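# Summary of structural features
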Amino acid sequence: MKQTHNVIDLFCGCGGLSEGFQMAGYNIVLGVDNNDPALKTFLYNHKGSEALNADLSAPETFETIEKIVKEKKVDVIIGGPPCQGFSLTGKREFNDDRNKLYLAMIEMVKRYQPKAFLIENVPGMATLYNGEVKDEVLRRFKEMGYNIDCKVLCSADYGVPQIRKRLIFVGLRDGEEYFVFPEPSHTPENYVTCEQAIGDLPCLVDELGADVMEYSQAPMTEYQKLMRGDCNTLHNHKAIDHKQFVKDAIAQVPDGGNWKDLPKGVGESRKFHMAWTRYASNKPSRTIDTGHRNNFHYKWNRCPTVRESARLQSFPDDFVFLGNKGQQDRQVGNAVPCLMAKAIAVQLLKYLDKE
Ligand SMILES: C[S@@+](CC[C@H](N)C(=O)[O-])C[C@H]1O[C@@H](n2cnc3c(N)ncnc32)[C@H](O)[C@@H]1O
């Protein structure tokens, strides 16, 4: 019988990374984060997992984790520590307080010696301090006996309707092998587009939608069918009640356009390069953010709903987001796209199932 692999997710947020691992058949034992609404969402969607609200920069957190995990084996540790404030200042000292969140990953791997671990970060981390931060991470884990490698992956290459690049480290404990990152399943010619991803969702022109509502039509594409699965209730599809002048400005931006398409005098309060961007219906979306309200639906004159952003992040429709709208937007925007996480998790099984 195939064994399932137990996973701990650090900095789990609402659990995009966990969701991908769960889709690939792993067992998510525990998620740790210090954001309560995100943890509520994590728990709601990962029944059977534990969720711990704790500060991963505090040493006592590791004792609490030990009490929860008890004698359960920990096969894989995954996590996306925020890298704001990363620093190698002064003596280029990695143990600097500001790097504590990264050190949490190192501490956990040291304690549990998992068969594998995965760290996710923004691509910019690879070039920070001329690559010294990345090299230091590689060195630290090598010292602990792991074969570790890293690569920048693009989510659209794995069937996600979004261009989102992430730096992924994977370390393997046993043997001589290094992880070979999964081959893309998609190329720019057949990337899943915004319209293919969200075109079946109610337009919300004469209504604002609701936390729970009905689908208004059948799915039209393979991707829409995949996201719906057996789900027959639409969650988190609620539009922002934009002021009329905002709607009027968006109405003047064409499919795939931005502030440069606006006539003189319209929308001039926001003129930076990302302002007033309408997603392009025939392309994947650009990186979903945490709710900055600069991106608009490719067709309707409003920001995407949480469900639309979740679709673009490849969260299945039965994944429900809890908390207020701002908290939900943050959870979705922070997440690792589930289908990209799944592709890595499936590839990792090749190494774990060898034993
Ligand atoms: C980029 S998000 C992780 C997203 C997650 N991997 C996913 O796929 O959904 C980073 C998370 O780190 C959490 N975080 C930041 N500082 C923390 C700390 N000191 N202790 C625990 N969690 C922290 C944030 O609340 C946030 O949810």
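Everything below is about the structure printed above this text.
An account of the accompanying structure is given in this report.

With that out of the way, let us pick up the site of the ligand. Contacts to the ligand come from 19 residues, most closely from L17, D33, D55, L56 and V336. Within the backbone of F11, a nitrogen or oxygen atom sits 3.5 Å from a nitrogen atom of the ligand. In this structure, L56 approaches the ligand through a main-chain N or O atom, which is 2.9 Å from a nitrogen atom. Among the residues forming the shell around the ligand, the class breakdown is 10 nonpolar, 7 polar and 2 charged.

To continue, consider the pairing of strand β5 (residues 116-121). Every other side chain in a regular strand lies on the same face of the sheet, so the side chains alternate between the two faces. Taking burial as the measure, the 6 residues of β5 include 6 buried ones, the bulk of the element. Every second residue of β5 is oriented toward a common face, with A116, L118 and E120 on one face and F117, I119 and N121 on the other, all of them buried. Pairing of strand β4 (residues 76-79) with β5, which is carried by 4 bridges, proceeds in the parallel orientation. Across the sheet, residue I78 finds its bridge partner in β5, namely L118.

Moving on to helix α4 (residues 100-112). A rise of 1.5 Å per residue sets the reference length of α4, with its 13 residues, at 18 Å; its end C-alpha atoms lie 18 Å apart and thus fit the reference within 8%. Among the residues of α4, Y102, L103, A104, M105, I106, M108, V109 and Y112 are the ones counted as buried. Residues of α4 that are buried make contact with β1 (6-10), α3 (60-69), β4, β5, α5 (132-143) and β7 (165-172). In the segment just after α4, Q113 is the residue with positive phi, at about 45°.

Moving on, we get to the environment of R173. Relative to the assigned elements, R173 resides in the loop between β7 and α6 (194-198). Residues R173 and Q113 lie 60 residues apart in sequence; the distance between their C-alpha atoms is 7.7 Å. Sequence-distant contacts of R173, that is, excluding residues within four places in its chain, are made with Q113, P114, K115, G145 and Y146.

Glancing now at unusual backbone geometry. Even without being glycine, L204 reaches a positive phi, approximately 60°. Tracing the backbone through its elements, the reader meets L204 in the loop between α6 and β8 (209-213). Residue class for L204 comes out buried when judged on its relative accessible area of 6%.

On to the pattern of salt bridges, then. Proximity of charged atoms lets side chains of opposite charge pair with each other. Counted by the stated rule, this structure contains 19 salt bridges. Note that R311 and D200 form a salt bridge whose closest N and O atoms lie 2.7 Å from each other. Taken together, the residues R311 in helix α9 (residues 306-312) and D200 in the loop between α6 and β8 connect sequence positions 111 residues apart. In this structure, R311 and D200 share a single accessibility class: buried. In this structure, the salt-bridge partner of R302 is E308, at a minimum N-O distance of 2.9 Å. By the burial criterion, R302 is buried, and E308 matches it. Here the residues in one salt-bridge network are E63, E66, E107 and R111, joined through shared partners.

Rules behind the numbers
- Residues numbered from 1 in each chain as written.
- Predicted model: local features only at pLDDT ≥ 70, side-chain atom pairs only at ≥ 80, totals over all residues.
- Heavy atoms only, no water.
- Near = heavy atom within 4 Å.
- Polar contact = N/O pair within 3.5 Å; in protein donor to acceptor, adjacent residues only side chain to side chain.
- Nonpolar A, V, L, I, M, F, W, Y, C, P; charged D, E, K, R; others polar.
- Buried < 20%, exposed > 50% of the residue type's maximum accessible area, 1.4 Å probe, protein only.
- Helix = DSSP H or I, 4+ residues; strand = E, 2+ residues; numbered from the N terminus.
- Pairing = 2+ DSSP bridges.
- Expected span 1.5 Å × (residues − 1).
- Contact = heavy atoms within 4.5 Å.
- Salt bridge = Lys/Arg side-chain N within 4 Å of Asp/Glu carboxyl O.

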